[in-house]
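Each chain is listed here by its residues.
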Amino acid sequence: MLTLRSLTDYMLQFLDRKLSVDHSGNTSNASPLPEFEAKGGRTGMFKVPVRAAVHPNRPPKLELRPQPLRETQIGCFLRTMVSTESQLWAGTECAVRVWKFNDLYSAAAAGQGRGDEETAPFRESVSTSAVMCLVGDEGNRVVWSGHRDGRIRCWSMDSITAPFKDCLSWQAYRGPVLSLVISCYGDLWSGSEGGVIKIWPWEAIEKALSLTIEERLVSSLLVERSYIDPWTQVAVNGFTNVLTWDVRYLLSDSSSAKVWSAGYLSFALWDARTRELLKVFNTDGLNENRVDISLAQELPVELISGAKKDKTQSSFGFFQRSRNALMGAADAVRRVAVKGSFGDDNRRTEALVIAVDTMIWTGCTNGLLVQWDRNGNRMQEFHYHSSAVQCFCTFGLRIWVGYASGTVQVLDLDGNLLGGWVAENCSIIKIATGAGYVFTLANHGGICGWNITSPGPLDSIVRSELAGKEFLYTRIENMKILTGTWNVGQGRASQDSLISWLGSVASNVGIVVVGLQEVEMGAGFLAMSAAKETVGLEGSSVGQWWLDMIGKTLDEGSTFERVGSRQLAGLLIAMWVRHNLKSHVGDVDAAAVPCGFGRAIGNKGAVGLRIRLYGRTMCFVNCHFAAHLEAVNRRNADFDYVYRTMTFSRPNYLNCAAATASSAVQLPRGTNAIGNNSVEGMPELSEADMVIFLGDFNYRLDGISYDEARDFVSQRCFDWLRERDQLRVEMTAGNVFQGMREAEITFPPTYKFERHQAGLAGYDSGEKKLIPAWCDRILYRDSRSALVSECCLGCPVVSSISRYEASMDVTDSDHKPVRCIFTLDIARVDESIRRQELGDILESNGKLKCMLEELSKIPETIVSTNKIILQNQDTSILRITNKSGQKDAFFEIICEGQSVIKEDGHASDPCPRGSFGFPRWLQVTPAAGIIRPDHIAEVSVHHEEHQTLEEFVDGVPQNRWCENTRDKEVILVVKVHGRYTNNTKSHRVCVRHCCSANTKQREPPEHDTRQTQGTALLRSNFQHLSSSYDVVDHLWGMNSP
């Protein structure tokens, strides 16, 4: 938490800013130039975007990892996430990360890498291949990760001193491990490309984990060859391997002991205990075709022993897999032939989750939400958002949905929409719950925590308290931006001209943005440029010459670094950033909008760059509008078209090229890889904190002759000329550049000049004698509104203009270059401080604490017994009663471990299976669910018959043995929690399996007539959950030998 001295310092800084703000809202000491503001702003698409210390339209959030700049994440983006009881794990493209929930509100640790300067403290593993999926195993305190290189790795939850190493790993596939899940029997299931599923039995994993570090290689080989291929038994059940798509999703349904596997268009339902395929169906809920049973019956699959059996099964497995692959391919062709195209793509499955009421939910590319029952029957569907569903998460009575648009929605178990908000400016790719939060992982790598009660009554209190501490976490950054525009008329400039224009004033600016027009023209070049744009190519040798020359002028490499550029035919925009500012600038996006010849050719139009600077979005747009005196309406229409349709797209790095190589000219709205937090239907430029337009806008002087204009220019009587300026007239009428500002023009008109003629005598003196005009202009819009003009989190970018001038000594073109220097105050959030303040609010606010305590109460619950004795295929009913008259109780039953009863009647030390799974001889149904107020849940505890156990090598069974016939005992733990809390109350139930022969010898005869003796309590003997441990010994003695 903040010290008293720090708190005092922040308050003094805040008051100092308040006192130093001048009437323009800018804290700079330099006198800003007077400005003219166009009419028509602050309404519709020209309205300044809403900003606030705490966003008014969404719940307050915990920034566990603030959005990093994209350029800092190349090769190490976060791609998946999973939570355990005390930790949050994330998989990157090169490692595994861990956050402890105890550190959620802590300040950032010193020395964290670029992009994590304000991230909560975390630990990172040694370098690995890209992590594709994660699954937690609380039973053994490990986390499993699947990787792009085909390896599965095991990480200890308790050994995470950075950089930590895996405790077990093996090569599972040649391709990537796409999905992982642990079944309710402790087996690790994995999925990969081509429908391949492998099951890693817990017995092999347990043995490998028990070996020492020195024996790690042996343990890896042991597990690597122990997998079970469930498709080898498919033909016996009459199915074909129709699930030839990548196995992208695996889900364990502990309530019915099943495992779901899914690709984009098909599902398979498996028995978790026997590992047999139960059902295959598509996204419409229709069962897929079965294999011709007669073919399977002709094959020799009788159970025999020795090498002959192994050879037969191996041959059969190869034949079956080959046949399945062919049939799967044929089925895909049939689908296309029937539908005429890949019409199923809009309904393909993108996410899968199981709710506490045992219903399965899937999300589709078109935003459709589909509800299924536990047997794979399609129940109902809901459609609340048009964007693709990316991920799900459930807790209590709520389902959280993350969309590609960055929207998060909250549903109840019946599918009713409870609320939603725009959480991020890009896709939500993963959601997990823990420590009272729902964590969302965005595609850019940021992680936010939302209170598990949101939307709810806590939000308004936290929002108000957090906004009241704005001065503690607000930081004001000051900087200058140099912008320049020049219509070069297909010419090339001398180095002296570039120094006069840019180099002479770039010494104290942080960013330089240059827009050029008519870099290269001609019908052939324009046609070639249009053709290249259709395939995502842009740029030219002449454009590159200009970039190199300007870079040389700015001392690129030593002082400045070019971070992005975009060329569309003759239009070129580029940006350079000073090295000491580079760590605060990123997320560079590019855009282009052609306006010439039917809005298809780039002789007229615009190119743009978008950046994030100190967390604020800034757009720079270089334009060249329609020419000629009378074309005022066309110029207005060109601006309107550019403003409405400019769509920025992520430039490609590695996978994708740098900002200098952009995508096709205009993408449809919604396909943008990193769109802004845009309101539906609003232009992307509307959502920027600052927009700067520069270029040859081509507006002329009206109602004045050539000679009159020359006279006024020579006398420097610009006031009268400005009244004749078409752009000023149109801005006053609110017809163009609505709400934008321009500094007062104090330089002569910049068009049209004779090349290489110095001074004002160089104005066009040819036959046309074009009237001088201010064609080349620079305008802007910042965050100021009618209500707020002071730089703060509600008005994060406040700008003024310190210089606005033309380089009249440059004669390389018929236009003069223009430059403008902006002085900016930028308000940013210190996320590390705000995170600490949020923790302080939750800890110290009495009203919040009372509300949280009430919401976190666990309903009072009782169970019917502490001991169950089963013989072969016995079934006992365990009853759990919710005594609360108002609150739902949520229960989950896990197996804490299995023991073997020794000869002396005592149990050995219990050994947990994966993720507290059940032993294969025990079936608990349902193992999770909801108990409504004053209701009873009945849980079936059933003993399955003895099985012949098998050891598998490379997917083929090698050895068989009978299950151990000694008495066994397991400890079942009934974990109960409330609607809004991860805290649980637990109750242990001892379940002993007694073999028939032993039972007859040891149990007194009078007990023979009561099969369930000791397995149930009378109603009058119900015990409170919190005190039920007291009767364990008494109950155990009732049937002990």
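The model shown is predicted, which means the values in this text are computed figures rather than measured ones. (Residues numbered from 1 in each chain as written. Predicted model: local features only at pLDDT ≥ 70, side-chain atom pairs only at ≥ 80, totals over all residues. Heavy atoms only, no water.)

Student: So what about the overall build of the protein chain? Which residues, and what values?
Tutor: Within the protein chain one finds 20 helices and 52 strands. With 1041 residues in all, the protein chain has 57% of them scored as buried. Residue pairs at least 24 apart in sequence account for 66% of intrachain contacts in the protein chain once pairs closer than 6 positions are excluded. Here the protein chain displays about 41400 Å² of accessible surface, and carbon together with sulfur accounts for 50% of that area. (Helix = DSSP H or I, 4+ residues; strand = E, 2+ residues; numbered from the N terminus. Buried < 20%, exposed > 50% of the residue type's maximum accessible area, 1.4 Å probe, protein only. Contact = heavy atoms within 4.5 Å. Areas by Shrake-Rupley, 256 points an atom, 1.4 Å probe, with all protein chains shown as cover.)

Student: So what's going on with the packing of aromatic side chains? Residues and values would help.
Tutor: Under the definition given, this model contains 38 aromatic pairs. Measuring from ring centre to ring centre gives 5.2 Å for Phe 267 and Phe 281, while their planes differ by 20°; the resulting arrangement is stacked. Note that Phe 267 is positioned in strand β16 (residues 266-271) and Phe 281 in strand β17 (residues 277-282), a separation of 14 residues in sequence. We classify Phe 281 as buried; its relative accessible area is 0%. (Phe/Tyr/Trp six-rings, centres within 6.5 Å; stacked < 30°, edge-to-face > 60°.)

Student: Tell me about the sheet that holds strand β40 (residues 818-829), and please be specific about residues and values.
Tutor: Spatially, β31-β32-β30-β29-β40-β39 is the arrangement adopted by the six strands of the open sheet, whose pairing is mixed. The outermost strands of the open sheet, each flanked by one partner alone, are β31 (560-568) and β39 (797-806). Averaged over all pairs of adjacent strands, the angle between their axes in this sheet comes to 15°, without regard to strand direction. The pairing of β39 with β40 spans nine bridges and is classified as antiparallel. Counterpart to Val 797 in the pairing with β40 is Ile 826. Against the sheet, helix α11 (residues 541-553) makes contact with β29 (474-487), β30 (511-517), β31 and β32 (571-578), and its axis sits at roughly 25° relative to β32, the strand it touches most. (Pairing = 2+ DSSP bridges. Axes fitted to C-alpha atoms, helices over the stretch in contact; angles between N-to-C directions.)

Student: Give a description of the sheet that holds strand β26 (residues 428-434) that names residues and reports values.
Tutor: Pairing in this open sheet of four strands is antiparallel, and the strands run β2-β28-β27-β26 from one edge to the other. In the strand order of this sheet, the two ends are held by β2 (61-65) and β26, each with one partner. Each strand of the sheet is rotated relative to its neighbour by a mean of 25°, with strand direction disregarded. Direction of pairing for strand β27 (residues 437-442) relative to strand β28 (residues 447-451): antiparallel, over a ladder of five bridges. Across the sheet, Thr 440 pairs through a bridge with Cys 448, a residue of β28. Together, β2 and β27 form the strand contacts of helix α17 (residues 831-844), whose direction differs from that of β2 by roughly 135°.

Student: Account for the pairing of strand β12 (residues 188-191), naming residues and giving values.
Tutor: Burial along β12 is two-sided: the face carrying Leu 188 and Ser 190 and the face carrying Trp 189 and Gly 191 are both buried. The pairing of strand β11 (residues 179-182) with β12 spans four bridges and is classified as antiparallel. Across the sheet, Val 181 pairs through a bridge with Trp 189, a residue of β12. Linking β11 back to β12 in an antiparallel pair, the connection comprises five residues, with Gly 186 at a positive phi of about 90°. Sheet topology places β12 next to strand β13 (residues 197-200); four bridges connect them, and they run antiparallel.

Student: Kindly report on the side chain of Gln 371, identifying the contributing residues and their values.
Tutor: Locating Gln 371 in the fold gives a position in strand β20 (residues 368-372). The class for Gln 371 is buried, based on a relative accessible area of 5%. At 3.5 Å, the side chain of Gln 371 forms a polar contact with the backbone oxygen of Leu 413. Not counting chain neighbours up to four residues away, the residues in contact with Gln 371 comprise Met 359, Ile 360, Trp 361, Asn 377, Arg 378, Met 379, Gln 380 and Leu 413. (Polar contact = N/O pair within 3.5 Å; in protein donor to acceptor, adjacent residues only side chain to side chain.)

Student: How would you sum up the pattern of salt bridges? Please name residues and give values.
Tutor: For the coordinates displayed, the defined rule picks out 46 salt bridges. Across the salt bridge formed by Asp 840 and Lys 469, the nearest N and O atoms sit 3.0 Å from each other. A residue pair is termed long-range when its members are at least 10 positions apart, and Asp 840 in helix α17 and Lys 469 in the loop between α7 (458-468) and α8 (470-473) qualify at 371 residues. Linked by salt bridges that have partners in common, Glu 35, Glu 37, Arg 42, Arg 741, Asp 782 and Arg 784 make up one network. (Salt bridge = Lys/Arg side-chain N within 4 Å of Asp/Glu carboxyl O.)

Student: So, the packing of helix α2 (residues 202-209) against helix α3 (residues 216-224): which residues are in play, and what are the values?
Tutor: Where α2 meets α3, the axes come as close as 9 Å, and the angle between the chain directions of the two elements is 175°. Taken together, α2 and α3 sit at an angle that is classed as roughly antiparallel. Residues Ala 204, Ile 205, Lys 207 and Ala 208 of α2 lie in contact with α3, whose contacting residues are Ser 219, Leu 222 and Val 223. Grouping the amino acids of the contact of α2 with α3 by side-chain chemistry returns five nonpolar, one polar and one charged. (Parallel < 35°, antiparallel > 145°, perpendicular 65-115°, else oblique. Nonpolar A, V, L, I, M, F, W, Y, C, P; charged D, E, K, R; others polar.)

Student: Which residues make up α11, and what values do they have?
Tutor: Between its first and last C-alpha atoms α11 spans 18 Å; for 13 residues at 1.5 Å apiece the expected length is 18 Å, and the two agree. Along α11, the residues classified as buried are Val 542, Gly 543, Trp 546, Leu 547, Met 549, Ile 550, Gly 551 and Thr 553. Buried-residue contacts for α11 involve β29, α9 (495-501), β30, β31 and β32. Residue Asp 555 follows α11 closely and has a positive phi angle near 60°. (Expected span 1.5 Å × (residues − 1).)

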